[in-house]
Amino acid sequence: MTVSLEVAEGVGTLRLDRPPMNALDVATQDRLKELAEEATRRADVRAVVLYGGEKVFAAGADIKEMQVMDHAAMVLRARALQDSFTAVARIPKPVVAAVTGYALGGGCELALCADYRIAGDNAKLGQPEILLGLIPGAGGTQRLSRLIGPSKAKDLIFTGRQVKADEALALGLVDRVVPAAEVHEAAHAWAARLAQGPAIALRAAKEAIDTGLETDIDTGLAVERTWFAGLFATQDRERGMRSFVEEGPGKAKFL
């Protein structure tokens, strides 16, 4: 399989495995969607790591596969392409991308679907579709501009240039840079910590933030208000407040 889901201690690792560059062909896209939906359903998955291996995250779409597709074929495929990435973005649990080597085109777009991005110091990210006479088609024009702002996103998309890890960090395209050999360990640690947290509250926080970014502030506040009040019906809220009163802050156990 070109994508696998491995679960240990509450962390599900979505691993791309299509050597040598993890090119995202149709089969890989479809498998990614299937496993993202599985990670969403599974109660034993409380946080997710996106990982492409030690050498490369994903170097983009399979250009040879795309080259033979005409307009009619891509009209039929474009929605499925976006849906596979949206399935990752909508996993209602914390998701971290562990980026090593190249994350270009679809690879960069996949990293954008995560809530947090940890990059190796060997990482190179970019949206080079313009160099093929195209634009990003798996959410890049939308998620990148929301993440780093429209002018910075336009610079990357208009030029198709690649940025190294240090510039990606300065742009806000990644959130943390570590030595390449430590990327997976750092990402897994981030996910494992959150896997111990209050699952429903984490889901609520993610949905409130993501919804608020896509709508007006009044609607966002309504979503926040509804979730905030609703969490008072959960055992985690009872456990968290009781622990705070009896033991002090930050000591509650939610599992």
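Let us look at the structure shown here. The shown structure was predicted, so the numbers you read here are calculated from the model rather than taken from an experiment.

Considering the layout of surface pockets
Here's step 1: Approximately 1100 Å³ is the volume attributed to the largest pocket.
Here's step 2: Taken together, 36 residues make up the lining of the largest pocket; nearest its centre are Ala89, Cys113, Arg143, Asp210 and Glu214.
Here's step 3: Counting residues per element, the ones that place at least two in the lining of the largest pocket are α3 (71–89), α5 (140–148), α8 (183–195) and α9 (199–213).
Here's step 4: By residue class, the composition of the lining of the largest pocket is 16 nonpolar, seven polar and 13 charged.
Here's step 5: Within this model, the second largest pocket holds a volume of roughly 560 Å³.
Here's step 6: For the second largest pocket, the lining is made up of 29 residues, of which Ala61, Met66, Leu81, Glu129 and Leu134 are closest to its centre.
Here's step 7: Taken together, the elements giving at least two residues each to the lining of the second largest pocket come down to α1 (26–41), α2 (63–67), α3 and α4 (106–112).

Digging into a nonpolar patch on the surface
Here's step 1: Taken together, the side chains of Ile63, Leu132 and Leu134 make up a nonpolar region of the molecular surface, amounting to roughly 260 Å² of accessible area.
Here's step 2: As for its placement among the helices and strands, Leu134 is situated in the loop between β7 (124–126) and α5.
Here's step 3: The class of Leu134 is partly exposed, set by a relative accessible area of 40%.

Some points on the pattern of salt bridges
Side-chain pairs of opposite charge can arise whenever the charged atoms involved come near each other.
Here's step 1: The final tally for this structure, using the stated rule, is 13 salt bridges.
Here's step 2: One salt bridge connects Asp25 with Arg18, and the closest N-O pair in it is separated by 3.4 Å.
Here's step 3: A relative accessible area of 10% places Asp25 in the buried class.
Here's step 4: With relative accessibility at 23%, the residue Arg18 sits in the partly exposed group.
Here's step 5: Notably, a salt bridge pairs Asp83 with Arg79, separated by 3.1 Å at the nearest N-O pair. With Asp83 and Arg79 both in helix α3 and four residues apart, the pair spans about one turn of that helix.
Here's step 6: Classification of Asp83 as partly exposed rests on a relative accessible area of 28%.
Here's step 7: Salt bridges here are not isolated pairs; linked through shared partners, they connect Arg18, Asp25 and Asp62.

Thoughts on the pairing of strand β2 (residues 11–16)
Here's step 1: Most of β2 sits out of view: five of its six residues are buried.
Here's step 2: As paired strands, strand β1 (residues 3–8) and β2 are joined by six bridges and run antiparallel to one another. By the bridge assignment, Ser4 is partnered in β2 with Arg15.
Here's step 3: Connecting β1 to the antiparallel partner β2 that follows it, the hairpin turn spans two residues, and Glu9 within it adopts a positive phi of roughly 55 degrees.
Here's step 4: Following the backbone out of β2, through α1 and into the adjacent parallel strand β3 (residues 47–51), one traces a crossover that is right-handed.

Some thoughts on unusual backbone geometry
Here's step 1: Cis geometry marks the peptide bond from Pro19 to Pro20; its omega dihedral reads 5 degrees.
Here's step 2: Here Pro20 is to be found in the loop between β2 and α1.
Here's step 3: Phi is positive for Glu9, close to 55 degrees, though the residue is something other than glycine.
Here's step 4: Position of Glu9 among the secondary structure elements: in the loop between β1 and β2.
Here's step 5: Backbone geometry at Asn22 places phi at a positive 55 degrees, although glycine is not the residue there.
Here's step 6: Examined against the element boundaries, Asn22 turns out to sit in the loop between β2 and α1.

Scoring rules and cut-offs
Residues numbered from 1 in each chain as written. Predicted model: local features only at pLDDT ≥ 70, side-chain atom pairs only at ≥ 80, totals over all residues. Heavy atoms only, no water. 1 Å grid on protein atoms, 1.4 Å probe; cavity = no way out; pocket = protein on both sides within 12 Å on 5 of 7 lines; lining within 4 Å. Points joined across faces, edges and corners; volume = space filled by probe spheres on them. Helix = DSSP H or I, 4+ residues; strand = E, 2+ residues; numbered from the N terminus. Nonpolar A, V, L, I, M, F, W, Y, C, P; charged D, E, K, R; others polar. Patch = residues over 30% accessible without salt bridge, like charges linked within 9 Å, V, L, I, M, F, W, Y side chains within 5 Å. Areas by Shrake-Rupley, 256 points an atom, 1.4 Å probe, with all protein chains shown as cover. Salt bridge = Lys/Arg side-chain N within 4 Å of Asp/Glu carboxyl O. Buried < 20%, exposed > 50% of the residue type's maximum accessible area, 1.4 Å probe, protein only. Pairing = 2+ DSSP bridges. Right-handed = clockwise from strand over helix to strand, strands pointing away.

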